[in-house]
Amino acid sequence: MKVQNIFIALAIAATAMLTSCVTKEKYNEAQALASKYYDDARNCNEQLESANVKNRELTDELERLKAAKQKIESDTTNLSRELKRVQEDCARMQEQNMNLLEKLRTSKSKEEVQALMAEMQDLQSKLVKREDALFQAERELADKQKELEEKNKKISELDELIKEKERKMQEIKDKIKNALASYGDDGIQVTTRGGRIYVSLDEQLLFQSGKWDVNKNGEAALRNLSDILAQHSDLNILVEGHTDNIPYGGSGNITDNWDLSVKRATAVVKILLQNSSVDPANITAAGRSQYCPVDSENTAAARQKNRRTEIILSPDIDEVLKLIDN
């Protein structure tokens, strides 16, 4: 939510109240309402930013793990080549050593024996060094292979967790579609974007024009939805109210589209919470006014699309982040 837009709306409302004849009680009520909307907007922004940070951390960690895995695979390949080369060097030196021993047995002169002994000592020294290098290469290769196995295991677990989240979200999406199927496709749309489920409810299904009291048909749809939400306590639920770009023409405590969108979102939340199994701590109500349209055309059809309430369901990724931390 763009908080600066709320500030502008509230400033206009406050100025209007100061320059008109209103009672102190109504002025105080308006001030309290403005303060509440400000707090709602701030809390919503904080929660959205927290979710975005978590998603970025998860994406970055997966990329880091894949890069680390690729480097380990490259190191393992290089170590395997080095190990093979050292093994070949050791085999060749051992063969040379055997040849020198054979020459030593068949040699007759003292000078030849001394020369062969010196050559053998030099070869033995080189052989010891190569055997040390072979041992070191074998140990490093074993460490790299173990590290590679651990990385593969962690990536596999992360992939499985993410796939499980995706399977679960698809299952929830199918349940929601079935539960709301009787209302048709005109007033309700259920889609998936960025791993989240978006349940978009048209204004005509929930509210009369310019009102925020949910009608009977809308209440029934929301109760069906709440039955599904109650079965999944690990979902984060964001209810967003959206309006068109025509200025609100009502009176009283509701002064503009910001107020109307927040009131509508709050009204939907209250109906969802009539199901006692839905955890209030998992729900956020937010008003987006006219500033997040699905159709930017300035036509009656576009404005009708934009007058909607969206219920956005996000999976809890704490389990994935704990696996990364470990």
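Residues numbered from 1 in each chain as written. Predicted model: local features only at pLDDT ≥ 70, side-chain atom pairs only at ≥ 80, totals over all residues. Heavy atoms only, no water.

A short note on the overall build of the protein chain
Here comes step 1: Looking only at helices and strands, one finds 8 helices and 5 strands in the protein chain.
Here comes step 2: Counting from the amino terminus, the protein chain carries its helices and strands in the arrangement α-α-α-β-β-α-α-β-α-β-α-β-α.
Here comes step 3: Within the protein chain, the proportion of its 326 residues that are buried is 38%.
Here comes step 4: Considering only contacts within the protein chain whose residues lie at least 6 apart along the sequence, 74% involve residues at least 24 apart. (Helix = DSSP H or I, 4+ residues; strand = E, 2+ residues; numbered from the N terminus. Buried < 20%, exposed > 50% of the residue type's maximum accessible area, 1.4 Å probe, protein only. Contact = heavy atoms within 4.5 Å.)

Section: the nonpolar core
Here comes step 1: Grouped together as the largest cluster of nonpolar side chains are 31 residues, with contacts concentrated most on Ile176, Val199, Leu222, Val239, Ile311 and Leu313.
Here comes step 2: Top contributing element to this core by residue count: helix H6 (residues 257-272), with 6 residues. (Core = buried A, V, L, I, M, F, W, Y, C linked by side-chain atoms within 4.5 Å.)

A short note on the pairing of strand E3 (residues 236-242)
Here comes step 1: Counting buried positions along E3 yields 6 of 7 residues, so the element is predominantly enclosed.
Here comes step 2: Of the strand pairs in this sheet, E3 and strand E5 (residues 308-314) are connected by 7 bridges, and their pairing is antiparallel. Paired with leucine 238 across the strands is isoleucine 312, a residue of E5.
Here comes step 3: As defined by bridge partners, E3 adjoins strand E4 (residues 283-287) across 5 bridges and the pair is classed as parallel. When the sheet's bridge partners are listed, glutamate 240 is paired in E4 with alanine 286. (Pairing = 2+ DSSP bridges.)

So, the packing of helix H5 (residues 216-229) against H6
Here comes step 1: As a packed pair, H5 and H6 sit with axes 9 Å apart at the nearest point and diverge in direction by 60°. The angle between H5 and H6 places the two elements in the oblique class. Read as a crossing pair, H5 and H6 show a hand that is right-handed. Listed contacts from H6 to Glu219, Leu222, Arg223, Leu225, Ser226 and Leu229 of H5 are Val268, Ile271 and Leu272.
Here comes step 2: Broken down by class, the residue content of the contact of H5 with H6 amounts to 6 nonpolar, 1 polar and 2 charged. (Axes fitted to C-alpha atoms, helices over the stretch in contact; angles between N-to-C directions. Parallel < 35°, antiparallel > 145°, perpendicular 65-115°, else oblique. Left-handed = near helix turned anticlockwise from the far one by under 90°. Nonpolar A, V, L, I, M, F, W, Y, C, P; charged D, E, K, R; others polar.)

Describing the confidence of the model for the protein chain
Here comes step 1: Chain-level pLDDT for the protein chain is 79 on average; 68% of the residues reach the 70-or-more range.
Here comes step 2: In the predicted structure, residues 1-21 sits below a pLDDT of 50 and forms 26 contacts with residues beyond four places in sequence or in another chain. (pLDDT = per-residue confidence, 0-100.)

Side note on the pattern of salt bridges
Here comes step 1: For the coordinates displayed, the defined rule picks out 11 salt bridges.
Here comes step 2: Salt-bridge contacts for glutamate 310 lead to arginine 308; the nearest nitrogen and oxygen are separated by 3.2 Å. Comparing glutamate 310 with arginine 308 shows no difference in burial state: the two are buried.
Here comes step 3: One connected set of salt bridges, linked through shared partners, spans Glu203, Asp244, Arg264 and Arg307. (Salt bridge = Lys/Arg side-chain N within 4 Å of Asp/Glu carboxyl O.)

What about the environment of proline 315?
Here comes step 1: Within the secondary structure, proline 315 is located in the loop between E5 and helix H8 (318-325).
Here comes step 2: Sequence separation between proline 315 and glutamate 166 is 149 residues; the distance between their C-alpha atoms is 8.8 Å.

Remarks on the environment of leucine 238
Here comes step 1: With respect to the secondary-structure elements, leucine 238 resides in strand E3.
Here comes step 2: On the accessibility criterion, leucine 238 (11% relative accessible area) is buried.
Here comes step 3: Residues leucine 238 and glutamate 310 lie 72 residues apart in sequence; the distance between their C-alpha atoms is 8.0 Å.

What to know about H6
For an α-helix, the turn length of 3.6 residues means that residues three or four places apart are oriented alike.
Here comes step 1: The terminal C-alpha atoms of H6 lie 23 Å apart, and with 16 residues this matches the ideal 22 Å at 1.5 Å per residue to within 8%.
Here comes step 2: The distance from a side-chain oxygen at the start of H6 to the backbone nitrogen of tryptophan 258 is 3.2 Å, and the residue carrying that oxygen is aspartate 256. (Expected span 1.5 Å × (residues − 1). Polar contact = N/O pair within 3.5 Å; in protein donor to acceptor, adjacent residues only side chain to side chain.)

Thoughts on the sheet that holds strand E1 (residues 188-193)
Here comes step 1: If you walk across this open sheet you meet the 5 strands as E1-E2-E5-E3-E4, and the pairing is mixed. Every interior strand has two partners, whereas the edge strands, E1 and E4, have only one. Averaged over all adjacent pairs, the angle separating strand axes in this sheet is 20°, with direction ignored.
Here comes step 2: The sheet contacts of H6 involve E3, E4 and E5, and relative to E4 the element is tilted by about 155°.

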